[in-house]
Amino acid sequence: MPHTSPSNVYASEYYKKDFVRFNERLGTDNIEFKSLVPKMYLPCFLKDTMGYKTNAMVSLPVLNPKTLINTGFDSYRLMDSHNDMRAMVRAMTFSEEQPNFYLLNVGETHYPYALPSEPANEWPKISGVHGIFKHLDDHIVGGKLLEQKEKHFDQAKLRTLRQRQIDAVRYLDTVVEELLDTVPKNTYVTITADHGELFGEEGYFGHGPVQHDKVFEVPFVEGKIR
Ligand SMILES: [Zn+2]
């Protein structure tokens, strides 16, 4: 979790300690809170203040290069496949003059929790979830939402989906090994998904308008290769 909801502490005290950790993360000793002002955005800070070459490769179209996330990057690419981190690792290039930063947004852990080797016609399909963006407007006519029959979650199917996500995380561990063999020293890498997922906990599936801890448990790894 990025934060732990600490009690009995003022935000300023908490953030002070939090920002000092950027020194630990980046292997420096001169980063203060004001170093990130005014943009307050890590890629801009790395590029403008720390002299990094900043790169992003994203899997999920919701983070495509037209979104605001694409600020402060020298290169920003939406990958062809939503679930192929290995393809990212193999496409990485590195500046020899500058330290490099890579943001890798991975999608293997995202619904439908599929590895790149699995053909799309074998992915599990859940009505109302699969291809949600393409079909979001299908049920709106004249600005009004059409009535739909309620759908209930199938517990056995949810267990299978949860296991698929666990398998996806295991698979990604092997891709991280390849990443560590590929990346040169002085490279800072953040690997992240876009949210956590629910598999029937307290009557929720997936993610969305849900304030549940599981949605905030985002697969996330970061570190600097030194
Ligand atoms: Zn998503």
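Structure shown above.
Residues numbered from 1 in each chain as written. Predicted model: local features only at pLDDT ≥ 70, side-chain atom pairs only at ≥ 80, totals over all residues.

**Quick look at the overall build of the protein**
Along the backbone of the protein there are six helices and nine strands. Viewed in the frame of its principal axes, the protein has a C-alpha envelope of about 60 × 45 × 35 Å. Counting all 226 residues of the protein, 23% fall into the buried class. In the protein, once contacts between residues fewer than 6 apart in sequence are set aside, the share between residues at least 24 apart is 61%. (Helix = DSSP H or I, 4+ residues; strand = E, 2+ residues; numbered from the N terminus. Buried ≥ 20, exposed ≤ 12 C-beta atoms within 10 Å, placed from the backbone. Contact = placed C-beta atoms within 7 Å.)

**Examining the nonpolar core**
Where a protein is soluble and globular, its nonpolar side chains tend to be buried together. Membership of the largest hydrophobic core comes to 29 residues, with the highest contact counts inside it found for Met57, Met85, Met88, Leu104 and Val106. Residue assignment for this core shows that the elements contributing at least two residues are helix H2 (42-49), strand S1 (53-58), helix H3 (85-91), strand S3 (100-105), helix H5 (155-182) and strand S6 (187-192). If you tally residues by element for this core, the top one is H5, at five residues. With residues up to four places along the chain from it excluded, the contact list for Val106 reads Ser59, Met85, Leu172, Ile191 and Ala193. (Core = buried A, V, L, I, M, F, W, Y, C linked by C-beta atoms within 7 Å.)

**Remarks on the sheet that holds strand S9 (residues 220-225)**
On the basis of which strands lie adjacent, the open sheet formed by five strands has the order S2-S1-S3-S6-S9 and mixed pairing. Every other strand in the sheet has two partners, leaving strand S2 (75-78) and S9 as the edge strands with one partner each. Within the sheet, the average angular offset between the axes of one strand and its neighbour, ignoring direction, is 10°. Examined bridge by bridge, S3 and S6 share six bridges and lie parallel to one another. Its bridge partner being in S6, Leu103 is matched across the sheet by Thr190. (Pairing = 2+ DSSP bridges. Axes fitted to C-alpha atoms, helices over the stretch in contact; angles between N-to-C directions.)

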